[in-house]
Structure formats: structure tokens, C-alpha cells
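Letter by letter, the chains look like this.
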Amino acid sequence: MATITSGREKVLELPKPELKRSVMNVLGWGLFALILMWSWDGADMRPMELIRDSGNMVKFVEGFFPPNFVEWEIYAQEMLITIQLAVWGTVLAVICSIPCGILSSENIAPWWIVQPMRRLMDAARAINEIVFAMLFVVAVGLGPFAGVLALWVHTTGILAKLFSEAVEAIDPSPVEGIRATGATRLEEVIYGVIPQVLPLWISYSLYRFESNVRSATVLGIVGAGGIGMILWEVIRGFQYAETAAIVIIIVVSVSILDIISQRLRKLVI
Amino acid sequence: MAAIQVNRLNKTFGGTNRALKDINLTIQPGEMVALIGASGSGKSTLIRHIAGLIPADRGDAGGEVLVHGDAIQAQGRISPDARKVRVGIGVVFQQFNLVERLSVLTNVLTGLLGQISGFRAFFGLFIKSEKQLALKALDRVGIAHTAGQRASTLSGGQQQRAAIARALVQGAAVILADEPIASLDPASSKRVMDALAQINAEDARTVVVSLHQVDYALKYCPRVVALRAGAVVYDGASADVTPDILRDLYGDECEELMGLEDQAASGAGATTHVTADGDLVVAAG
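What follows concerns the overall build of chain A. If you tally the helices and strands in chain A, you get eleven helices and zero strands. Starting at the N terminus, the α and β elements of chain A follow one another as α-α-α-α-α-α-α-α-α-α-α. Taken over C-alpha atoms, the radius of gyration comes to 27 Å for chain A, far larger than the 18 Å a tight globule of 269 residues would show. In chain A, which comprises 269 residues, the proportion classed as buried is 39%. A sequence separation of at least 24 residues applies to 73% of the contacts in chain A between residues at least 6 apart. Accessible surface, chain A as shown: approximately 16,600 Å² in total, 70% of it carbon and sulfur. The positive charge centre, built from 20 side chains, and the negative charge centre, built from 24, are 9 Å apart in chain A.

This is how it looks when you write it as C-alpha cells:
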């Protein structure tokens, strides 16, 4: 315990800022500023126009009000189809992600299976579902089925990665316990690995379902079914009141599904 | 035919760390053998080699491990038939190695995985008689009432007994227990050791158990194999274990062991008495 006896307080020295760190700080922020400036032209940034044309903007926004719900039954019907195609796209992806995820896990499969499988999943993930949707529209024709296929392929890429990360984080000792009984590799996975990762897998799958409903609302723009198809039509027809109605229906349904899915995810973890 | 035959087994970790040095060991069917030695002396490593869970050094240095005459590994390679040999070996681990999210009953039933068809295993189709068998095994170790619970809800001692039940259901003639009581309290430790001794006495199954606690080793196991720095330094009757041997194993500066030494030093009579007591426990169990 230090006691002050002399009446003179001891002056504690603050640690000197490290030169290297401050230089790094300045360089880091400088670099960030450079990147912003470099991107300015390419991104065609014209902030002044927002202010100059604010009158037009107000007029544009006014066009959305009041929303026109006259054809709400068609919108609701299309929203339902959107959800249904997200359901199938997600379920098929979950089914495929189980083997693909396990085969991309370093602690389960040998490297000569893991590496090609991972690259394949990388590719499925790297290509946006809209791109897949355009390709599948060509292959199987216009309509929700093309959307299902697009979500299926893209989501498999994402879920397989998430699933394999869960598998790589498991506790290996129960698996060893199963192995010691003379079980096969497949039985080790079924009894030792899957029970450990199941809660996470379910949670990831529900989360992807939420995202897929959101993605499915735009798939229609390229003709792959769902509410995006009519949304695109009304926007192109400058029917902003109808656009507002559709957007409201999308926001409400997506929010409801998000809430339900969040509750379910809390249940399983 | 010997239950376990280990010939010239060597294991080197990371190129320099010789974990097992030229181990030769023969264990006859129905024996109950304790593996003792300080931490890092190679007890667990030896058990995992016998179970074929890790391969020994490549080439002749790897030696071989035979269980009931079948090679589980030879010259540093796990035998292609290891899976079949493992069916005859039940392993009980220090950390129980149960699948915590599965029920106790399902954990015990996994002991049958080496014996049922892949199709039934895939869909978890265990028949009634198999479930009865699992329940009986749980009853034998005194925890049948926990069958429906998740394994994670059991205490350490109960989990370890569930692991023993799994080995029983497996029908393994050899049970390898790797420090089964190292993380248990004394009362649970006694129950687990009683269960192992009972299985050894009643079913004549071979039991090899590695132990930190020398008193348990001397009490329950008629034969002791002691390891130091990866080599067998004593292999004989537990009645003949002397304080000198223990000092040699654990070093005499180790304070906790002084009590043990006193116990062992109190005369060979005490040790024989302990062995007799061990038999009594087995009979009573």
C-alpha cells in the first residue's frame, strides 16, 4: 500500500505512444482514404444531384402513395409461390449439404476428397443465385422450378461450408469411443459426429431458409418464378402504387418468417 | 492362446519422443492387470496401441499386437481387419467418450455397431432383444434407471459405468480401461472398479486397466505391469510390489506418494492382505 507522506504526489509516467504503431495508424487511414478517392469516379458518385433534384425525388416518392392493393390476391398468391420455391430450394440444399459438408471436413475425409469437394462448393457459392437462375431458365424454361434449382445449387455451396465447419469443431473423443466398438467409418459419422453437430446444422438451415425467401423475391426478375416477376413488371410500367403494395407484402411476409425461424433456432440450440 | 500379445512394440512421437520402448507383454484370458506408472510413462499410449487406435512406428520397430491371435496392428500398420478385431475389444476411456446428446440406452447400443448390418445401423433399427441386452448391461452396472436420459445428464461415475455397459453389450472378451477413474471422486471410483472386477470375476473377461492410483491397482488387480519412460520396468504379482519399485516409478521427492510408501512399507503382509481383500470385493460384487 502506497501512502502519501511528503505531500508531494508521485507523478506516474504515461506510457509513450509507440512510434511504429502511430506510423501504422496514419498509413492505414491514409490507404483507406486513397481507396475511397480511387473508387469515386468508377462508382459515378454525384451526391449534389440528390440535393439539386430533390424536388423530383419528392415527386417520385409521392407516386408510391397510397399503395394500390386492388390486385392483392395475385400478389399474395405470388408471395406464396416465392415461399414455396424457397422451401424446396432450401430442403434440397440441406439434403445435399450433409454429404458434401462431411466430405469437405478435414477431420473426416482424406485430403484428396476434401480439396476437390471444397473447390466445387466454392464455385457454387461464388456464383450468385440470380446468375444460376438465368442459366436454369434457359435449361428448364421460365417459372419457379428454375428458381428452385438456382437456390438449391447456391445454398448447397453455402451450407456445405457451414456444415463442414461445424464438423471440424467437434469433440473427437466420442467418435473414438464409437470407433473402438468396431464400427465402420459411416457408423462413426452417424453416431459420433451427427449428434454433436445437429443443433448447429438445424440452426444454419433455418437461417438459410430466411435468406432464401429474401433471395427468391428477386428471382422472378430473370423469369425464375415468384413475386419478383410481377414486381419487375410494375416497376417497368411505372406503376409505383402497385410497386409499393408488393414491397409491403414482401416486407411483412419476410419479417413474419424471420421471426418464426428465429424462435425455432433458439429452440434447437 | 493369449488374450493379448504385444511383441517388440515401439512408438516414437515427433521423431524424437520415444513413448514406447520395445514393449513385450503377454496377458492370458481372464486376467485382471493394472498398468501403473507416472504421467507420461506411456500407459495410455500402450492401451491405444492395443485397441488399434494408433499405429506404432513403421517397419520392424513397430512390432505387432495380437488380440486372441488376430493381429490388430503389425509393423506400424493398422491391420485391414482391425475393425473385426476391435469388436472383441471393449475400450473404456478416461473421459468416458460417450455421445452426450444421445440417450444412455443408445450409447450402450452403439456397442453393437460392429455386429449389426450397415442398413440397421444407418437407420438406428435396434431390435427389442438388443435393447433388452443393453438394459441388462446397464442394470449390471447399477444405472438401468438412467436409460432414457441424455448421457450429458449423468454424473461422471454414471457415465463411466454406462461406458462399461457399452463394452459389455459389445460382448468383448477383452476390456481395456484407460484411466477409468482418473476424473472421478473416491465413491464413484470404487463403484467403477467394482464393476470392472465383477465383470472379470463372473464372465472371465480379460481386463487391462491403467491407473494413477497405486492403491487401487494393488487392491483390485492380481498382476501389475509398471511402465517408466515407455519401458516395462516391472511385471509381476501385485503382492510383490515393493516400496522400492514405487519409488523407482514415481521418484522419492513426490510428497503425495509418501503416504503410499508408508502403506506399502508397512510390510508385505499388508499387500497380500489387500490382494485377498480384492478377491473378497470381487466375490461380494
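Next, the rest of the story.
Here we take up the overall build of chain B. A count of helical and extended segments in chain B gives eleven helices and eleven strands. Counting only residues that meet the buried cut, chain B has 54% of its 285 residues in that class. Split by element, the accessible area of chain B, about 11,800 Å² in all, is 52% carbon and sulfur.

Residue and element names in this part refer to chain B. Most of strand β3 (residues 32–36) sits out of view: five of its five residues are buried. What you see with β3 is no split at all: M32, A34 and I36 on one side and V33 and L35 on the other are buried throughout. Strand direction decides the pairing type here: β3 and strand β9 (residues 206–210), joined by four bridges, are parallel. Opposite A34, over in β9, you have V209 as the bridge partner. Across four bridges, β3 lies against strand β10 (residues 223–228) in parallel orientation. In the sheet register, L35 faces β10, and the bridge partner there is V225.

Moving on, we come to the sheet that holds strand β5 (residues 70–74) of chain B. All names here are of chain B. As summarised here, the arrangement of the five strands in space is β2-β1-β4-β5-β6, forming an open sheet in which the pairing is antiparallel. In this open sheet, the two edge strands, each paired with only one partner strand, are β2 (17–27) and β6 (77–78). In this structure, strand β4 (residues 64–67) lies alongside β5, joined through four bridges in antiparallel fashion. Along β5, the bridge assignment pairs V65 with Q73. Contacts from helix α1 (residues 43–50) reach β1 (4–13), β2, β4 and β5, with the element oriented near 120° to β1.

Assignment of secondary structure puts B:N97 in the loop between β7 (89–92) and α3 (104–109). Beyond its immediate chain neighbours, meaning those up to four positions away, B:N97 contacts A:S173, A:P174, A:E176, A:G177 and B:R166.

Attention now moves to the sheet that holds β7(B). Residues and elements named next belong to chain B. With mixed pairing, the six strands of this open sheet are ordered in space as β7-β8-β9-β3-β10-β11. Of all the strands in the sheet, just β7 and β11 (231–237) have a single pairing partner and so form its edges. Each strand axis lies, on average, 15° off the axis of its neighbour in the sheet, ignoring direction. Here strand β8 (residues 174–178) runs beside β9; their pairing, made up of five bridges, is parallel.

In terms of domains, chain A is made up of domain 1 (18–47) and domain 2 (72–268). Here the C-alpha centroids of domain 1 of chain A and domain 2 of chain A sit 37 Å apart.

Parameters at a glance
- Residues numbered from 1 in each chain as written.
- Chains lettered and ligands numbered in written order.
- Predicted model: local features only at pLDDT ≥ 70, side-chain atom pairs only at ≥ 80, totals over all residues.
- Heavy atoms only, no water.
- Helix = DSSP H or I, 4+ residues; strand = E, 2+ residues; numbered from the N terminus.
- Rg over C-alpha atoms; globule rule 2.2 N^0.38 Å.
- Buried < 20%, exposed > 50% of the residue type's maximum accessible area, 1.4 Å probe, protein only.
- Contact = heavy atoms within 4.5 Å.
- Areas by Shrake-Rupley, 256 points an atom, 1.4 Å probe, with all protein chains shown as cover.
- Lys, Arg positive; Asp, Glu negative; His and termini not counted.
- Charge placed at Lys NZ, Arg CZ, Asp CG, Glu CD.
- Pairing = 2+ DSSP bridges.
- Axes fitted to C-alpha atoms, helices over the stretch in contact; angles between N-to-C directions.
- Domains from an automatic or database assignment.

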